[in-house]
Amino acid sequence: ETYLNLLPLGAVNGVGAGANYFFGKDVEDLTLAECAYLASITKGPSLYSPYLHPENARRRQQTVLYKMYEQGYITAEEYKQAAAEEVNFHSSIKYEAVQDYYTDLLIENVIADLMDAYGCTYQYAESMVFHGGLKIYSAEIPEQQAKVEAIFADESNFPKPIATDKEDPQAAIFIMDYDGRVVATVGGRGEKTANRVQNRATMAKRQIGSAIKPLAAYTPAIEMNLVHYSTPMNDHPITLSNGSEWPPNYGSKPGVYSYKDQPLEFALQNSTNTTAAQLVEMLTPQKSFDFVTQKLFFTTLVKGEKRNGQVFTDIDYSPMALGGMTDGVYCSEVTAAYQIFGNGGFYNEPYTYYKVTVMEKSTERLLLETKKSSIRAVQEDTAYVMNRMMQRVIYGPSGTAKELARDWEDWHIFGKTGTTGSTQYTRDKYFAGGTPYFVGACWMGYDYNKELNN
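A short tour of the structure in this document, coming up. (Residues numbered from 1 in each chain as written. Predicted model: local features only at pLDDT ≥ 70, side-chain atom pairs only at ≥ 80, totals over all residues. Heavy atoms only, no water.)

Side note on the pairing of strand S16 (residues 439–445)
Taken across its seven residues, S16 has five buried, putting it largely inside the fold. Bridging between strand S2 (residues 170–176) and S16 involves seven bridges; their strand directions are antiparallel. From the neighbouring strand, Met176 faces S16, where its bridge partner is Val439. Where strand S15 (residues 426–434) lies against S16, seven bridges are found, and the strand directions are antiparallel. If you follow Gly433 over to S16, its bridge partner there is Gly440. In this antiparallel pair of consecutive strands, S15 and S16, the connection spans four residues. (Buried < 20%, exposed > 50% of the residue type's maximum accessible area, 1.4 Å probe, protein only. Helix = DSSP H or I, 4+ residues; strand = E, 2+ residues; numbered from the N terminus. Pairing = 2+ DSSP bridges.)

Written out as structure tokens, the structure is:
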């Protein structure tokens, strides 16, 4: 069975793909004469291809049929009929020169799950996907994918190139619904020109900036009943173990604070750094770290790692309060985390397919199936309060994303912006949030971490 799924037939591998490529039908519908052609091609896929060398293929097919008769696999009458049959060649296989980012991700997910489920190697699982006659039931919404692809392919949506730059700023986005279904993803700007290329939304660890605040500071603090929607928070720094005052507020000079009380909602709306730092201080960095790794399943955070003689860890104030991670995070994992604010506090693992099957004797055999499971990350009340607080980021008078309100006035969007760098320059721009239908995370910056120009 394995050999039949993998045998080389030139442009395709396996009898399932071969049946469609040469005869435009499924393998169980092939005639004896057509089966003999497939058996013939394996001796030399180029030399005996019916498309490239029809005479060679015909002679080889006749030899196969005669040997089948000679060895008693077919009767004399079956041999005569098959040898005289006129075979028509046409392909029902559709080729896409360049597939979208979603299909890239889908392929890699199926390969990984085949390896996990059946204990096979990457090479074998990859061969099954491309040559094993599998049917993959994708969860993609093609219309949404096409819309997002068009936005990222349109250069007018990005800053004008800078002559001295060796490459332009890049961008990525990941979108899913509130049950875990991945809807669309794009891993880079401009027109996609190759298959299975880097998807920055799922493969690149990028800095999240203040978009971490709702996840690592505000949500666990509300969940643990330390603060509430209207809790007054004084704009003052915390004192670190070395005696220094930290952090500065974005857009303010270091050491300048208002020392005024402001409601928790306003602090998030305005992205006040001191409030996030105070919340992590109440929680402790360890509890913040535990929440985002154990409840929201972030995989890229560093617990404690020695590199070049120096110890790095994300169990600290800067990573948990302001998003200055050791390595960064994936857009896909940020999106999955933000879903809890739109579905009552449940975490659903993102999925790109419903099931994977293979045809066996006219019957589909199930190989893989997505088993959706909702894990409660926070209580419904916490998710509700956070949703309303993050709506103020867009609809509030000082919200850092208030420009979105002009076009989405009645949509009840929630979200949070993120910026890394300093008051003088910016390296990463981030937005994570959701509509009543979908939730997503989007990053923009340079691959090589250069400062953004405006």
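Focus: the pairing of S2
Here S2 lies mainly inside the structure; seven of its seven residues are buried. Alternating positions in S2 separate into two faces, Gln170, Ala172, Phe174 and Met176 on one and Ala171, Ile173 and Ile175 on the other, with burial throughout. By the bridge criterion, four bridges tie S2 to strand S3 (residues 182–186) in an arrangement that is antiparallel. Bridge pairing in S3 places Phe174 opposite Thr185.

With respect to helix H3 (residues 32–41)
Among the ten residues that make up H3, seven are buried, leaving the element largely enclosed by the rest of the structure. At its buried positions, H3 is contacted by helix H2 (15–23), helix H4 (54–70) and helix H5 (76–84). (Contact = heavy atoms within 4.5 Å.)

Comments concerning H2
Among the nine residues that make up H2, eight are buried, leaving the element largely enclosed by the rest of the structure. All of the buried residues along H2 are Val15, Ala17, Gly18, Ala19, Asn20, Tyr21, Phe22 and Phe23. Looking at the buried residues of H2, the elements they touch are helix H1 (2–6) and H3. The first or second residue beyond H2 is Gly24, which carries a positive phi of 65°.

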